[in-house]
Amino acid sequence: MKKGMTLFLLMLIVPWMLHAQEAPQTISLQQAVEFAIKHNKELQASQMNIELYRQKVRESVSQGLPQINGTMTYTTNFGYKMDFGGQTIKMKDQSNLGVSLQQLLFSGEWILGMQTSKIAVRMTEQEVESSELDIVENIYNSYYTVLVTERMLEILRQNLENMNEIYKHTENMYNAGTVEITDVDQIRINVGQLKNSMLSMERTVAVNYNLLRLQLGLEAGAPVKLSDGLDVFLDNDKSSRLYLEKFDINNNVSYQLINTQTELNKKLLGIEKWSYAPTIAGSYNFNYKILKPALDMSPKHTAGLTMNIPIFSGMQRDSKVKQAKITLEQTYLQKSLLEDQLNVQDEQLKFNLKNAMENYSLQKENIDVATRVLQNYQRKYEQGAVSSLDLTQANTNYLQAETNYTEAVLTLLQAQVSLEKLYNQLPR
(Lines give C-alpha, C1' and ligand atoms only; values in the text may rest on other atoms or scores of the structure.)
Protein backbone atom coordinates (compact mmCIF):
# COMPACT_ATOMS: atom_id res chain seq x y z
CA MET A 1 0.00 0.00 0.00
CA LYS A 2 2.80 2.38 0.91
CA LYS A 3 4.68 1.57 -2.31
CA GLY A 4 1.55 2.29 -4.34
CA MET A 5 1.04 5.63 -2.60
CA THR A 6 4.71 6.56 -3.12
CA LEU A 7 4.51 5.71 -6.82
CA PHE A 8 1.32 7.76 -7.15
CA LEU A 9 2.97 10.81 -5.52
CA LEU A 10 6.01 10.47 -7.76
CA MET A 11 3.75 10.41 -10.83
CA LEU A 12 2.27 13.71 -9.68
CA ILE A 13 5.45 15.44 -8.50
CA VAL A 14 7.99 14.48 -11.18
CA PRO A 15 6.12 16.05 -14.16
CA TRP A 16 5.59 19.21 -12.08
CA MET A 17 9.31 19.34 -11.23
CA LEU A 18 10.27 18.84 -14.87
CA HIS A 19 7.89 21.59 -15.96
CA ALA A 20 9.21 23.92 -13.26
CA GLN A 21 12.77 23.33 -14.45
CA GLU A 22 11.99 24.19 -18.10
CA ALA A 23 14.07 27.10 -19.30
CA PRO A 24 12.02 30.03 -20.71
CA GLN A 25 11.87 30.15 -24.48
CA THR A 26 13.68 33.35 -25.42
CA ILE A 27 12.26 34.86 -28.57
CA SER A 28 12.95 38.03 -30.55
CA LEU A 29 10.29 39.95 -32.42
CA GLN A 30 11.47 38.61 -35.77
CA GLN A 31 11.51 35.06 -34.43
CA ALA A 32 8.00 35.56 -33.06
CA VAL A 33 6.80 36.69 -36.49
CA GLU A 34 8.42 33.73 -38.25
CA PHE A 35 7.07 31.29 -35.66
CA ALA A 36 3.51 32.64 -35.94
CA ILE A 37 3.53 32.51 -39.75
CA LYS A 38 4.82 28.93 -39.67
CA HIS A 39 2.39 27.59 -37.04
CA ASN A 40 -0.79 29.63 -37.55
CA LYS A 41 -3.46 27.08 -38.52
CA GLU A 42 -5.72 29.57 -40.28
CA LEU A 43 -2.80 30.67 -42.45
CA GLN A 44 -1.88 27.05 -43.18
CA ALA A 45 -5.41 26.43 -44.43
CA SER A 46 -5.16 29.53 -46.66
CA GLN A 47 -1.81 28.38 -48.06
CA MET A 48 -3.39 25.05 -49.02
CA ASN A 49 -5.83 26.99 -51.20
CA ILE A 50 -2.90 28.02 -53.41
CA GLU A 51 -2.14 24.39 -54.25
CA LEU A 52 -5.87 23.72 -54.63
CA TYR A 53 -6.22 26.41 -57.31
CA ARG A 54 -3.04 25.26 -59.03
CA GLN A 55 -4.64 21.86 -59.42
CA LYS A 56 -7.73 23.57 -60.83
CA VAL A 57 -5.50 25.22 -63.43
CA ARG A 58 -4.21 21.79 -64.41
CA GLU A 59 -7.82 20.61 -64.64
CA SER A 60 -8.68 23.52 -66.96
CA VAL A 61 -5.65 22.85 -69.16
CA SER A 62 -6.42 19.12 -69.38
CA GLN A 63 -9.83 19.82 -70.93
CA GLY A 64 -8.08 21.06 -74.07
CA LEU A 65 -5.65 18.14 -74.28
CA PRO A 66 -6.33 14.90 -76.22
CA GLN A 67 -8.83 12.58 -74.52
CA ILE A 68 -8.07 8.93 -75.27
CA ASN A 69 -10.37 6.07 -74.27
CA GLY A 70 -10.29 2.36 -74.94
CA THR A 71 -13.27 0.00 -75.20
CA MET A 72 -13.71 -3.74 -75.46
CA THR A 73 -17.09 -5.34 -76.26
CA TYR A 74 -18.45 -8.83 -76.65
CA THR A 75 -21.91 -9.59 -78.06
CA THR A 76 -23.60 -12.97 -78.37
CA ASN A 77 -26.81 -13.82 -80.27
CA PHE A 78 -27.21 -17.18 -78.55
CA GLY A 79 -26.87 -19.09 -81.83
CA TYR A 80 -29.72 -17.23 -83.54
CA LYS A 81 -30.26 -18.24 -87.17
CA MET A 82 -31.67 -15.94 -89.83
CA ASP A 83 -33.98 -17.47 -92.46
CA PHE A 84 -33.45 -16.31 -96.07
CA GLY A 85 -36.03 -18.18 -98.23
CA GLY A 86 -35.25 -21.62 -96.96
CA GLN A 87 -31.63 -20.90 -96.25
CA THR A 88 -30.46 -20.14 -92.73
CA ILE A 89 -27.50 -18.08 -91.63
CA LYS A 90 -26.25 -18.44 -88.09
CA MET A 91 -25.44 -15.16 -86.38
CA LYS A 92 -21.92 -15.34 -85.00
CA ASP A 93 -20.79 -13.81 -81.74
CA GLN A 94 -18.98 -10.50 -82.08
CA SER A 95 -16.12 -8.93 -80.13
CA ASN A 96 -14.53 -5.55 -80.78
CA LEU A 97 -11.48 -3.74 -79.43
CA GLY A 98 -11.67 0.01 -79.95
CA VAL A 99 -9.63 3.13 -79.28
CA SER A 100 -11.11 6.65 -79.54
CA LEU A 101 -9.38 10.01 -79.58
CA GLN A 102 -11.16 13.33 -79.04
CA GLN A 103 -9.42 16.67 -79.36
CA LEU A 104 -10.89 20.10 -78.69
CA LEU A 105 -9.75 22.25 -81.60
CA PHE A 106 -11.33 25.58 -80.75
CA SER A 107 -13.25 26.95 -77.75
CA GLY A 108 -13.07 30.55 -76.60
CA GLU A 109 -14.59 29.57 -73.25
CA TRP A 110 -11.79 27.05 -72.65
CA ILE A 111 -9.04 29.54 -73.52
CA LEU A 112 -10.41 32.23 -71.20
CA GLY A 113 -11.27 29.67 -68.54
CA MET A 114 -7.64 28.58 -68.41
CA GLN A 115 -6.51 32.21 -68.06
CA THR A 116 -9.13 32.79 -65.35
CA SER A 117 -7.82 29.82 -63.34
CA LYS A 118 -4.31 31.28 -63.37
CA ILE A 119 -5.64 34.64 -62.16
CA ALA A 120 -7.50 32.82 -59.36
CA VAL A 121 -4.19 31.29 -58.22
CA ARG A 122 -2.58 34.75 -58.10
CA MET A 123 -5.55 36.11 -56.17
CA THR A 124 -5.29 33.28 -53.65
CA GLU A 125 -1.60 34.06 -53.15
CA GLN A 126 -2.47 37.69 -52.47
CA GLU A 127 -5.15 36.64 -49.96
CA VAL A 128 -2.54 34.55 -48.14
CA GLU A 129 -0.20 37.55 -48.14
CA SER A 130 -2.99 39.69 -46.67
CA SER A 131 -3.59 37.10 -43.93
CA GLU A 132 0.15 37.03 -43.19
CA LEU A 133 0.14 40.81 -42.88
CA ASP A 134 -2.69 40.70 -40.33
CA ILE A 135 -0.83 38.08 -38.29
CA VAL A 136 2.41 40.07 -38.39
CA GLU A 137 0.58 43.23 -37.27
CA ASN A 138 -0.96 41.38 -34.32
CA ILE A 139 2.41 39.91 -33.29
CA TYR A 140 4.10 43.32 -33.44
CA ASN A 141 1.41 45.00 -31.35
CA SER A 142 1.30 42.17 -28.79
CA TYR A 143 5.10 42.10 -28.50
CA TYR A 144 5.20 45.86 -27.96
CA THR A 145 2.36 45.70 -25.42
CA VAL A 146 4.19 43.08 -23.35
CA LEU A 147 7.37 45.19 -23.39
CA VAL A 148 5.69 48.40 -22.27
CA THR A 149 3.69 46.69 -19.50
CA GLU A 150 6.86 44.95 -18.29
CA ARG A 151 8.59 48.32 -18.24
CA MET A 152 5.76 49.81 -16.19
CA LEU A 153 5.87 46.85 -13.82
CA GLU A 154 9.60 47.37 -13.26
CA ILE A 155 9.02 51.09 -12.61
CA LEU A 156 6.39 50.25 -10.00
CA ARG A 157 8.66 47.64 -8.40
CA GLN A 158 11.57 50.08 -8.11
CA ASN A 159 9.29 52.82 -6.84
CA LEU A 160 7.80 50.48 -4.24
CA GLU A 161 11.27 49.57 -3.00
CA ASN A 162 12.14 53.25 -2.76
CA MET A 163 8.93 54.12 -0.89
CA ASN A 164 9.47 51.19 1.50
CA GLU A 165 12.85 52.66 2.42
CA ILE A 166 11.24 56.06 2.93
CA TYR A 167 8.55 54.41 5.05
CA LYS A 168 11.19 52.80 7.29
CA HIS A 169 13.03 56.11 7.52
CA THR A 170 9.78 57.89 8.45
CA GLU A 171 9.07 55.35 11.20
CA ASN A 172 12.55 55.97 12.62
CA MET A 173 11.93 59.70 12.48
CA TYR A 174 8.62 59.21 14.28
CA ASN A 175 10.28 57.11 16.95
CA ALA A 176 12.83 59.88 17.35
CA GLY A 177 9.99 62.38 17.71
CA THR A 178 10.86 64.50 14.67
CA VAL A 179 7.66 63.74 12.67
CA GLU A 180 4.05 63.06 13.52
CA ILE A 181 2.15 59.79 13.15
CA THR A 182 0.19 61.29 10.24
CA ASP A 183 3.42 61.39 8.23
CA VAL A 184 3.91 57.66 8.84
CA ASP A 185 0.29 56.95 7.89
CA GLN A 186 0.57 59.00 4.72
CA ILE A 187 3.63 57.07 3.54
CA ARG A 188 2.04 53.75 4.53
CA ILE A 189 -1.05 54.55 2.44
CA ASN A 190 1.17 55.37 -0.50
CA VAL A 191 3.05 52.08 -0.09
CA GLY A 192 -0.24 50.15 0.01
CA GLN A 193 -1.45 51.84 -3.16
CA LEU A 194 1.83 51.00 -4.89
CA LYS A 195 1.51 47.34 -3.88
CA ASN A 196 -1.99 47.18 -5.36
CA SER A 197 -0.82 48.90 -8.54
CA MET A 198 2.07 46.47 -8.88
CA LEU A 199 -0.15 43.41 -8.36
CA SER A 200 -2.60 44.75 -10.94
CA MET A 201 0.23 45.38 -13.39
CA GLU A 202 1.58 41.84 -12.82
CA ARG A 203 -1.81 40.46 -13.83
CA THR A 204 -1.85 42.74 -16.87
CA VAL A 205 1.57 41.46 -17.94
CA ALA A 206 0.37 37.86 -17.52
CA VAL A 207 -2.71 38.55 -19.66
CA ASN A 208 -0.59 40.19 -22.38
CA TYR A 209 1.80 37.23 -22.39
CA ASN A 210 -1.13 34.83 -22.80
CA LEU A 211 -2.41 36.87 -25.74
CA LEU A 212 1.01 36.65 -27.34
CA ARG A 213 1.14 32.89 -26.67
CA LEU A 214 -2.27 32.50 -28.31
CA GLN A 215 -1.14 34.36 -31.42
CA LEU A 216 2.05 32.28 -31.54
CA GLY A 217 0.09 29.05 -31.23
CA LEU A 218 1.61 28.15 -27.85
CA GLU A 219 -0.19 26.65 -24.89
CA ALA A 220 -1.30 28.94 -22.06
CA GLY A 221 1.47 29.16 -19.49
CA ALA A 222 4.20 28.00 -21.88
CA PRO A 223 7.49 29.65 -20.80
CA VAL A 224 8.28 32.64 -23.02
CA LYS A 225 10.82 35.42 -22.57
CA LEU A 226 11.23 38.39 -24.91
CA SER A 227 14.82 38.98 -25.96
CA ASP A 228 14.37 42.39 -27.61
CA GLY A 229 14.37 45.44 -25.36
CA LEU A 230 11.97 48.34 -25.80
CA ASP A 231 14.77 50.77 -26.68
CA VAL A 232 15.60 48.72 -29.80
CA PHE A 233 12.36 49.89 -31.43
CA LEU A 234 12.43 53.56 -30.42
CA ASP A 235 13.97 54.89 -33.61
CA ASN A 236 13.07 58.51 -34.33
CA ASP A 237 14.63 58.30 -37.79
CA LYS A 238 12.26 55.48 -38.70
CA SER A 239 9.23 57.50 -37.60
CA SER A 240 10.40 60.54 -39.56
CA ARG A 241 11.08 58.46 -42.66
CA LEU A 242 7.62 56.90 -42.53
CA TYR A 243 6.00 60.30 -42.06
CA LEU A 244 7.78 61.77 -45.08
CA GLU A 245 7.37 58.72 -47.33
CA LYS A 246 4.96 59.06 -50.25
CA PHE A 247 2.18 56.49 -50.35
CA ASP A 248 2.38 54.17 -53.35
CA ILE A 249 -1.08 52.65 -53.52
CA ASN A 250 0.08 49.90 -55.87
CA ASN A 251 2.13 48.35 -53.05
CA ASN A 252 -0.91 48.02 -50.80
CA VAL A 253 -2.12 44.41 -50.53
CA SER A 254 -5.82 45.33 -50.45
CA TYR A 255 -5.41 47.39 -53.62
CA GLN A 256 -3.53 44.55 -55.31
CA LEU A 257 -6.40 42.24 -54.41
CA ILE A 258 -9.06 44.52 -55.90
CA ASN A 259 -6.96 44.88 -59.07
CA THR A 260 -6.77 41.11 -59.41
CA GLN A 261 -10.49 40.81 -58.71
CA THR A 262 -11.18 43.33 -61.49
CA GLU A 263 -8.99 41.38 -63.89
CA LEU A 264 -10.77 38.17 -62.91
CA ASN A 265 -14.22 39.65 -63.48
CA LYS A 266 -13.15 40.88 -66.92
CA LYS A 267 -12.20 37.34 -67.85
CA LEU A 268 -15.47 35.99 -66.48
CA LEU A 269 -17.37 38.48 -68.66
CA GLY A 270 -15.31 37.30 -71.64
CA ILE A 271 -16.21 33.68 -70.91
CA GLU A 272 -19.91 34.52 -70.92
CA LYS A 273 -19.54 36.37 -74.24
CA TRP A 274 -17.68 33.44 -75.80
CA SER A 275 -20.64 31.20 -74.96
CA TYR A 276 -22.25 32.57 -78.17
CA ALA A 277 -19.34 31.26 -80.29
CA PRO A 278 -19.19 27.78 -81.77
CA THR A 279 -16.82 25.12 -80.50
CA ILE A 280 -14.97 22.72 -82.78
CA ALA A 281 -13.76 19.28 -81.83
CA GLY A 282 -12.09 16.47 -83.78
CA SER A 283 -12.34 12.74 -83.21
CA TYR A 284 -10.65 9.55 -84.39
CA ASN A 285 -11.77 5.97 -83.78
CA PHE A 286 -10.02 2.67 -84.39
CA ASN A 287 -12.09 -0.51 -84.21
CA TYR A 288 -10.46 -3.94 -84.37
CA LYS A 289 -12.74 -6.96 -84.86
CA ILE A 290 -11.72 -9.86 -82.68
CA LEU A 291 -14.86 -11.86 -83.51
CA LYS A 292 -16.73 -10.64 -86.56
CA PRO A 293 -19.72 -11.73 -88.65
CA ALA A 294 -19.35 -13.27 -92.08
CA LEU A 295 -20.47 -10.03 -93.69
CA ASP A 296 -18.65 -7.12 -92.08
CA MET A 297 -18.85 -3.73 -93.79
CA SER A 298 -17.74 -1.44 -90.96
CA PRO A 299 -14.30 0.25 -91.38
CA LYS A 300 -11.51 0.00 -88.88
CA HIS A 301 -10.59 3.72 -89.00
CA THR A 302 -13.00 6.64 -88.76
CA ALA A 303 -12.40 10.35 -88.15
CA GLY A 304 -14.63 13.38 -87.96
CA LEU A 305 -15.13 17.01 -87.03
CA THR A 306 -17.92 18.37 -84.87
CA MET A 307 -18.98 22.00 -84.68
CA ASN A 308 -21.36 22.88 -81.90
CA ILE A 309 -23.22 26.11 -82.80
CA PRO A 310 -25.28 27.79 -80.05
CA ILE A 311 -28.55 29.02 -81.56
CA PHE A 312 -31.07 29.80 -78.83
CA SER A 313 -30.91 29.22 -75.09
CA GLY A 314 -34.08 30.95 -73.96
CA MET A 315 -32.20 34.21 -73.14
CA GLN A 316 -30.07 32.36 -70.59
CA ARG A 317 -26.75 33.37 -72.18
CA ASP A 318 -27.88 36.98 -72.54
CA SER A 319 -28.81 37.10 -68.84
CA LYS A 320 -25.44 35.65 -67.79
CA VAL A 321 -23.56 38.23 -69.87
CA LYS A 322 -25.54 41.07 -68.30
CA GLN A 323 -24.92 39.68 -64.82
CA ALA A 324 -21.18 39.53 -65.51
CA LYS A 325 -21.24 43.14 -66.75
CA ILE A 326 -23.00 44.29 -63.57
CA THR A 327 -20.48 42.43 -61.40
CA LEU A 328 -17.61 44.07 -63.29
CA GLU A 329 -19.12 47.54 -62.87
CA GLN A 330 -19.52 46.87 -59.14
CA THR A 331 -15.85 45.93 -58.96
CA TYR A 332 -14.87 49.19 -60.68
CA LEU A 333 -16.89 51.13 -58.08
CA GLN A 334 -15.36 49.13 -55.22
CA LYS A 335 -11.89 49.81 -56.59
CA SER A 336 -12.55 53.55 -56.82
CA LEU A 337 -13.98 53.57 -53.29
CA LEU A 338 -10.97 51.65 -51.97
CA GLU A 339 -8.59 54.15 -53.57
CA ASP A 340 -10.33 56.99 -51.75
CA GLN A 341 -10.36 55.08 -48.47
CA LEU A 342 -6.68 54.15 -48.66
CA ASN A 343 -5.62 57.73 -49.45
CA VAL A 344 -7.70 59.03 -46.53
CA GLN A 345 -6.25 56.29 -44.33
CA ASP A 346 -2.73 57.34 -45.34
CA GLU A 347 -3.39 60.92 -44.28
CA GLN A 348 -5.02 59.82 -41.02
CA LEU A 349 -2.23 57.40 -40.10
CA LYS A 350 0.42 60.03 -40.82
CA PHE A 351 -1.54 62.47 -38.68
CA ASN A 352 -1.61 59.86 -35.89
CA LEU A 353 2.11 59.20 -36.28
CA LYS A 354 2.95 62.90 -36.15
CA ASN A 355 0.91 63.33 -32.97
CA ALA A 356 2.51 60.22 -31.47
CA MET A 357 6.02 61.50 -32.26
CA GLU A 358 5.32 64.88 -30.66
CA ASN A 359 3.65 63.34 -27.61
CA TYR A 360 6.52 60.87 -27.19
CA SER A 361 9.08 63.71 -27.19
CA LEU A 362 6.99 65.68 -24.68
CA GLN A 363 6.48 62.74 -22.31
CA LYS A 364 10.15 61.85 -22.51
CA GLU A 365 11.03 65.36 -21.30
CA ASN A 366 8.36 65.14 -18.60
CA ILE A 367 9.98 61.96 -17.28
CA ASP A 368 13.26 63.77 -16.72
CA VAL A 369 11.51 66.68 -15.01
CA ALA A 370 9.33 64.44 -12.80
CA THR A 371 12.37 62.35 -11.80
CA ARG A 372 14.36 65.43 -10.79
CA VAL A 373 11.39 66.82 -8.85
CA LEU A 374 10.88 63.54 -6.98
CA GLN A 375 14.57 63.21 -6.11
CA ASN A 376 14.57 66.82 -4.88
CA TYR A 377 11.50 66.25 -2.70
CA GLN A 378 13.03 63.09 -1.26
CA ARG A 379 16.12 65.00 -0.17
CA LYS A 380 14.00 67.81 1.30
CA TYR A 381 11.77 65.29 3.09
CA GLU A 382 14.78 63.63 4.70
CA GLN A 383 15.85 67.09 5.85
CA GLY A 384 12.35 67.89 7.14
CA ALA A 385 11.84 70.73 4.64
CA VAL A 386 8.65 69.26 3.07
CA SER A 387 5.78 67.20 4.41
CA SER A 388 4.95 63.57 3.64
CA LEU A 389 1.95 64.81 1.68
CA ASP A 390 4.24 66.84 -0.58
CA LEU A 391 6.47 63.80 -1.09
CA THR A 392 3.62 61.42 -1.94
CA GLN A 393 2.19 63.98 -4.35
CA ALA A 394 5.58 64.27 -6.08
CA ASN A 395 5.76 60.48 -6.24
CA THR A 396 2.25 60.32 -7.72
CA ASN A 397 3.23 62.90 -10.33
CA TYR A 398 6.33 60.87 -11.18
CA LEU A 399 4.33 57.65 -11.64
CA GLN A 400 1.80 59.49 -13.77
CA ALA A 401 4.63 60.81 -15.92
CA GLU A 402 5.98 57.26 -16.30
CA THR A 403 2.50 56.02 -17.23
CA ASN A 404 2.06 58.80 -19.79
CA TYR A 405 5.48 58.04 -21.25
CA THR A 406 4.74 54.30 -21.48
CA GLU A 407 1.43 54.97 -23.21
CA ALA A 408 3.16 57.40 -25.58
CA VAL A 409 5.76 54.73 -26.47
CA LEU A 410 3.08 52.15 -27.23
CA THR A 411 1.04 54.63 -29.25
CA LEU A 412 4.12 55.59 -31.28
CA LEU A 413 5.08 51.98 -32.02
CA GLN A 414 1.52 51.05 -32.97
CA ALA A 415 1.28 54.10 -35.25
CA GLN A 416 4.44 52.93 -37.01
CA VAL A 417 3.03 49.42 -37.42
CA SER A 418 -0.24 50.71 -38.89
CA LEU A 419 1.58 52.84 -41.45
CA GLU A 420 4.03 50.04 -42.33
CA LYS A 421 1.10 47.69 -42.86
CA LEU A 422 -0.57 50.21 -45.17
CA TYR A 423 2.67 50.50 -47.15
CA ASN A 424 3.18 46.71 -47.08
CA GLN A 425 6.56 47.18 -45.37
CA LEU A 426 6.14 45.04 -42.25
CA PRO A 427 9.08 42.60 -42.16
CA ARG A 428 7.94 38.98 -42.32
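Residues numbered from 1 in each chain as written. Predicted model: local features only at pLDDT ≥ 70, side-chain atom pairs only at ≥ 80, totals over all residues. Heavy atoms only, no water.

A. Up close: the overall build of the protein. Scanning the protein for helices and strands turns up nine helices and eight strands. Whereas a compact globule of 428 residues would reach a radius of gyration of roughly 22 Å, the protein reaches 39 Å, over 25% beyond that. In the protein, which comprises 428 residues, the proportion classed as buried is 35%. Here the contacts in the protein between residues at least 6 apart in sequence split such that 83% fall between residues at least 24 apart. Entry remark: accessible area of the protein is about 26,200 Å², with carbon and sulfur atoms responsible for 55%. Computed over 42 positive and 47 negative side-chain charges, the separation of the two mean positions in the protein equals 13 Å. (Helix = DSSP H or I, 4+ residues; strand = E, 2+ residues; numbered from the N terminus. Rg over C-alpha atoms; globule rule 2.2 N^0.38 Å. Buried < 20%, exposed > 50% of the residue type's maximum accessible area, 1.4 Å probe, protein only. Contact = heavy atoms within 4.5 Å. Areas by Shrake-Rupley, 256 points an atom, 1.4 Å probe, with all protein chains shown as cover. Lys, Arg positive; Asp, Glu negative; His and termini not counted. Charge placed at Lys NZ, Arg CZ, Asp CG, Glu CD.)

B. Fine view of the nonpolar core. Ranked by internal contacts, the top residues of the largest apolar core, which has 76 residues, are Leu29, Ile139, Tyr140, Tyr144, Ile187, Leu226 and Val409. Among the secondary structure elements, those contributing two or more residues to this core are helix H2 (29-39), helix H3 (41-62), helix H4 (108-175), helix H5 (181-216), strand S6 (224-226), helix H7 (253-274), helix H8 (316-382) and helix H9 (388-422). Ranked by residues supplied to this core, first place goes to H4 with 19 residues. Once residues lying within four places of it in the same chain are set aside, the contact partners of Leu29 are Ile139, Tyr140, Tyr143, Tyr144, Asp228 and Phe233. (Core = buried A, V, L, I, M, F, W, Y, C linked by side-chain atoms within 4.5 Å.)

C. Representation of the pattern of salt bridges within the structure. Under the criterion given, the structure shown has 12 salt bridges. Residue Glu137 is joined to Lys421 by a salt bridge in which the shortest nitrogen-to-oxygen separation is 2.8 Å. Here Lys421 lies in helix H9 and Glu137 lies in helix H4, a separation of 284 residues in the sequence. For Glu137, a relative accessible area of 17% translates into the label buried. What makes Lys421 partly exposed here is its relative accessible area of 23%. Asp346 serves as the salt-bridge partner of Lys350, at 4.0 Å between the closest nitrogen and oxygen. Pair noted here: Lys350 and Asp346 are both in helix H8, with a separation of four residues, about one helical turn. Each member of the salt-bridge network shares a partner with another, and the members are Asp134, Glu137 and Lys421. (Salt bridge = Lys/Arg side-chain N within 4 Å of Asp/Glu carboxyl O.)

D. Broad picture of the environment of Asn164. Topologically, Asn164 is positioned in helix H4. Counting along the chain gives 203 residues from Asn164 to Ile367, while the straight-line C-alpha distance between them is 22 Å.

E. Representation of the sheet that holds strand S8 (residues 301-308) within the structure. Spatial ordering of the open sheet is given by S2-S5-S7-S8, a layout of four strands whose pairing is antiparallel. Each edge of the open sheet is held by one strand with a lone partner, namely strand S2 (67-75) and S8. Taking each pair of neighbouring strands and ignoring which way they run, the sheet shows an average axis angle of 20°. (Pairing = 2+ DSSP bridges. Axes fitted to C-alpha atoms, helices over the stretch in contact; angles between N-to-C directions.)

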